[in-house]
Amino acid sequence: HTYSLVHSALVDIDYQTQTMRPELATEWSYNADTMTYTFKLREGVTFHNGEKFTADDVVYTYERALSAEGVSGTVKSAYAAFESVKANGDYEVVITLKEGNIDLLYTLSNEYMGILNREACTADATNGGSIGTGAWINKEFVSGDHTTLEVNEKYFAEIPVTKVLEFRYISEGSARLIALETGEIDIASELQDSDIKRLLAGEVEGVESLPADRAALSGLMRNPAAQESLRRLSAALNRAQSADTLT
């Protein structure tokens, strides 16, 4: 769930209206005759390492997706539909398709289609991909235990109120449920239907169900102060507010 919080894509989807909205691209157009999309890019955006975001990073992300090992099949298959991705100056990208694709913008809004920084990935092939332009910055990752994100104060859009997000890996559903009930965590996903029904019936005070953004998950939020502060928490919640830290 953390990838789309750390990275920004060219476009995003408003799941309430089912329309596309700008993200790293501010506008776009399509030429059906040449099967090309032209994207105007947002200026003044920086990656978490301080590098300036430019069209070259979009081109690099495309090149890396087709060649690097470990890239998800979803990403590879999406980029495989492209004939080419070319930069036209620092703030314009032209994508030529192999064939018409009316779903391209929706594909580009996928949570794993975030743009990478060429400099970061070239300097550190292992960890460079964790550098993005998103609302949160990767601060700590402990395999099998937790991931900690801190807010990006230089984010190009609305800066979230919540300053720290901690994602804990709790494999047992019963343990997740207990942690939610006791207030040890603020949000839980992938609970049993029977547990969700019991929680929403009012047996535990302050529990709410939130719609998923990008996957068929339902987030459960116990802490009332956690409402409306996250810009996008994939598959767990839409927005939350006025909590310094969420777990």
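Numbers given for residues are sequential positions, taken from 1 along each chain in its written order. A pLDDT threshold of at least 70 governs which residues receive local features in this predicted model, and a stricter bar of 80 or more applies before side-chain atom pairs are shown or counted, although totals over entire chains, interfaces and linings include all residues. Hydrogens and water are ignored here; the side-chain numbers use all heavy atoms of the structure.

## A few points about the pattern of salt bridges
- Salt bridge criterion: a side-chain nitrogen from Lys or Arg within 4 Å of a carboxyl oxygen from Asp or Glu. For the coordinates displayed, the defined rule picks out seven salt bridges.
- A salt bridge links Asp12 to Arg21, with the nearest nitrogen and oxygen atoms 3.2 Å apart.
- Type-normalised accessible area, obtained with a 1.4 Å probe on protein chains alone, sets the label of each residue: buried when under 20%, exposed when over 50%, and partly exposed for intermediate values. Classification of Asp12 as buried rests on a relative accessible area of 2%.
- With a closest N to O distance of 3.6 Å, Arg21 and Asp14 form a salt bridge.
- The exposure class assigned to Arg21 is partly exposed, which follows from its relative accessible area of 35%.
- The class of Asp14 is buried, set by a relative accessible area of 19%.
- Salt bridges sharing partners connect three or more residues here, namely Asp12, Asp14 and Arg21.

## Observations regarding the side chain of Thr54
- Tracing the sequence through the fold places Thr54 in the loop between strand S4 (36–41) and helix H2 (55–67).
- Contacts are assigned to residue pairs with any non-hydrogen atoms lying within 4.5 Å of each other. Those residues in contact with Thr54, other than ones at most four positions away along the chain, are Leu41, Asp90 and Tyr91. Elements are defined by DSSP. Helices are runs of H or I of four residues or more, strands are runs of E of two residues or more, and each kind is numbered from the N terminus.

## Remarks on the packing of H2 against helix H3 (residues 73–80)
- Simply put, an axis is a line fit to the C-alpha atoms, just over the touching stretch for a helix, and the angle between two N-to-C directions goes from 0 to 180 degrees. Two elements in contact, H2 and H3, have axes whose closest approach is 9 Å; the angle formed by their N-to-C orientations is 115°. Crossing of H2 against H3: the hand is left-handed. Mapping the contact onto sequence places Thr61, Tyr62, Ala65, Leu66 and Ser67 in H2 and Val75, Lys76, Tyr79 and Ala80 in H3.
- In the contact of H2 with H3, the residues fall into six nonpolar, two polar and one charged. With the far helix as reference, a near helix turned anticlockwise by less than a right angle produces a left-handed crossing, and one turned clockwise produces a right-handed crossing. Any residue outside Ala, Val, Leu, Ile, Met, Phe, Trp, Tyr, Cys, Pro, Asp, Glu, Lys and Arg is labelled polar, Gly included; the first ten of those are nonpolar and the last four are charged.

## Digging into the sheet that holds strand S6 (residues 92–97)
- Strand pairing follows a simple DSSP-based rule, namely that at least 2 bridges must link the two strands. With antiparallel pairing, four strands are arranged side by side in an open sheet as S3-S4-S6-S5. At either end of the open sheet lies a strand with only one pairing partner, and these are strand S3 (25–31) and strand S5 (82–87). Between one strand and the next, the sheet's axes are offset by a mean angle of 15°, whatever the strand orientation.
- Direction of pairing for S4 relative to S6: antiparallel, over a ladder of five bridges. Each residue of the ladder has a partner; that of Lys40, found in S6, is Glu92.

## Points about the confidence of the model for the protein chain
- Residues with a pLDDT of 70 or more make up 79% of the protein chain, whose mean pLDDT is 81.
- Note that residues 213–242 has pLDDT below 50 and, in this model, 125 contacts with residues that lie over four places away or in other chains. Known as pLDDT, the predictor's per-residue confidence is scaled from 0 to 100.

## What about the pairing of strand S2 (residues 19–22)?
- Bridge count for strand S1 (residues 11–14) against S2 is four bridges, and the pairing is antiparallel. Within S2, the residue paired with Asp14 across the bridge is Thr19.

## What to know about the packing of aromatic side chains
- Centre distance within 6.5 Å is the pairing criterion for rings of Phe, Tyr and Trp, where only the six-membered ring of Trp is used; planes under 30 degrees apart are then read as stacked, over 60 as edge-to-face, and the remainder as tilted. With the rule as written, the count across this model stands at nine aromatic pairs.
- Between Tyr62 and Phe82, the ring centres sit 6.1 Å apart and the planes meet at 25°, which makes this aromatic pair stacked. With Tyr62 in helix H2 and Phe82 in strand S5, this residue pair connects regions lying 20 residues apart in the sequence. A single burial state applies to Tyr62 and to Phe82, both of which are buried.
- Between the aromatic rings of Tyr155 and Phe156, the centroid separation amounts to 4.7 Å while the plane-to-plane angle is 45°, which identifies the pairing as tilted.
- The buried category is assigned to Tyr155, whose relative accessible area is 6%.

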